[in-house]
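Examining the three-dimensional arrangement
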Amino acid sequence: MSQNESATSNQPIVTRISFNALISAAEDLGYGGAYDIADRLENGSEQQYMMPIRAYTAHRLRTYRAEIKKAAASAYPSAVGLASMSQETVRNMHTGGNFLYPCMENGKFNYSRPFTGMGLVDVVRTTFFGDANPYKIGHLNISKFTSSLPSAPHELEIPVTMLAMAATAINYVLIDHVNASTTSTAASEFAGPALGNAFKAYMSILVKLRIASPQAYHKLLHGICMTATGGQAVNVHGNPTQNDILANVDWDAIANA
């Protein structure tokens, strides 16, 4: 076990994740040589180098996590009219993740269309595609977005982690709204095992959707990306491919001309 593994093995998971991400980033940026940043993060002084950077990065992640919930608490209630809903309705939306699904005219939820529930796209847009930090991480990284559908390589998709995190934030907004009517406690912290379990559940739904219907999966994630970016989720990677160019030619019409 390296010095880094020994030092972080008993740390909170956010600390371990952030520290491992720092090492990976340093190596990706070319700072992986002997006595360089990645090496010092793994084998340097615990007190003078590793611990301060680890603590700072973990703190920034916790702060950003709080900003995610703050954005959801701002966007979601107005998008769905939460203030005018009865507590029973809000509880029903929260139960079993019903807010993930569109509500039909008969009051039931359409469980065949996950992640198309009202307000979800609004939270994605506000949280990740805003105009100012820390809410424009999506805009800053859109060049890294990809498509899961080989036949539509330029129809970019929102990363599933963004969508799952937005859903997790909505989950907590609903919890706070229900609790506000029954207790005088402060808003729930956007952290802990409950957050992790909700996030894992949403990720599991998305993974299973991709396996069950790649077309539906792509349509969902690309559609959300198009709406959240204002239509900028196509062709941002550059020029069209050779197949894209050839696909537009009407060969039958040319042959009959």
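**Quick word on the packing of aromatic side chains**
- The full count for this structure, using the stated rule, is five aromatic pairs.
- Seen from their ring centres, F99 and Y202 are 6.1 Å apart, and the 80 degrees between their planes marks the pair as edge-to-face. With F99 in the loop between α5 (87-94) and α6 (120-128) and Y202 in helix α9 (residues 193-212), the pair connects residues that are 103 residues apart, well separated along the chain. Here the two residues F99 and Y202 agree in accessibility, since each one is buried.
- Three or more aromatic residues joined by ring pairs make a cluster, and in this case those are F99, F115 and Y202.

**Regarding helix α8 (residues 160-180)**
- Here α8 is 21 residues long and its end C-alpha atoms lie 30 Å apart, about the 30 Å a rise of 1.5 Å per residue gives.
- Burial runs high along α8: 16 of the 21 residues are buried.

**Topic: the nonpolar core**
- If you look at the biggest cluster of nonpolar residues, it comprises 47 residues, and the most contacted ones within it are Y76, F99, F115 and V124.
- Elements that contribute at least two residues to this core include exactly α4 (46-80), α5, α6, α8, α9 and α10 (214-229).
- The leading source of residues in this core is α8, at twelve residues.
- In contact with F115, other than residues within four places in its own chain, are L100, L120, L163, A167, Y202, I205, L206, L220 and I224.
- Membership of the second largest hydrophobic core comes to seven residues, among which are F19, A38, L41 and Y49.

**What about the side chain of N110?**
- Among the secondary structure elements, N110 is positioned in the loop between α5 and α6.
- Within the local environment of N110, its side chain forms a polar contact with the side chain of S112, the two groups lying 2.5 Å apart.
- Sequence-distant contacts of N110, defined by excluding residues within four places in its chain, comprise Y101, P102 and M104.

**Overview of unusual backbone geometry**
- Backbone torsion omega between N133 and P134 reads 5 degrees, so that peptide bond is classified as cis.
- With respect to the element layout, P134 can be found in the loop between α6 and α7 (137-140).
- Residues other than glycine seldom take positive phi values, yet Y35 does so here, at roughly 65 degrees.
- Given a relative accessible area of 72%, Y35 falls into the exposed group.
- A positive phi angle is found at F115, which is not glycine, with a value near 65 degrees.
- The exposure class assigned to F115 is buried, which follows from its relative accessible area of 1%.

Reading the values: the criteria
Residues numbered from 1 in each chain as written. Predicted model: local features only at pLDDT ≥ 70, side-chain atom pairs only at ≥ 80, totals over all residues. Heavy atoms only, no water. Phe/Tyr/Trp six-rings, centres within 6.5 Å; stacked < 30°, edge-to-face > 60°. Helix = DSSP H or I, 4+ residues; strand = E, 2+ residues; numbered from the N terminus. Buried < 20%, exposed > 50% of the residue type's maximum accessible area, 1.4 Å probe, protein only. Expected span 1.5 Å × (residues − 1). Core = buried A, V, L, I, M, F, W, Y, C linked by side-chain atoms within 4.5 Å. Contact = heavy atoms within 4.5 Å. Polar contact = N/O pair within 3.5 Å; in protein donor to acceptor, adjacent residues only side chain to side chain.

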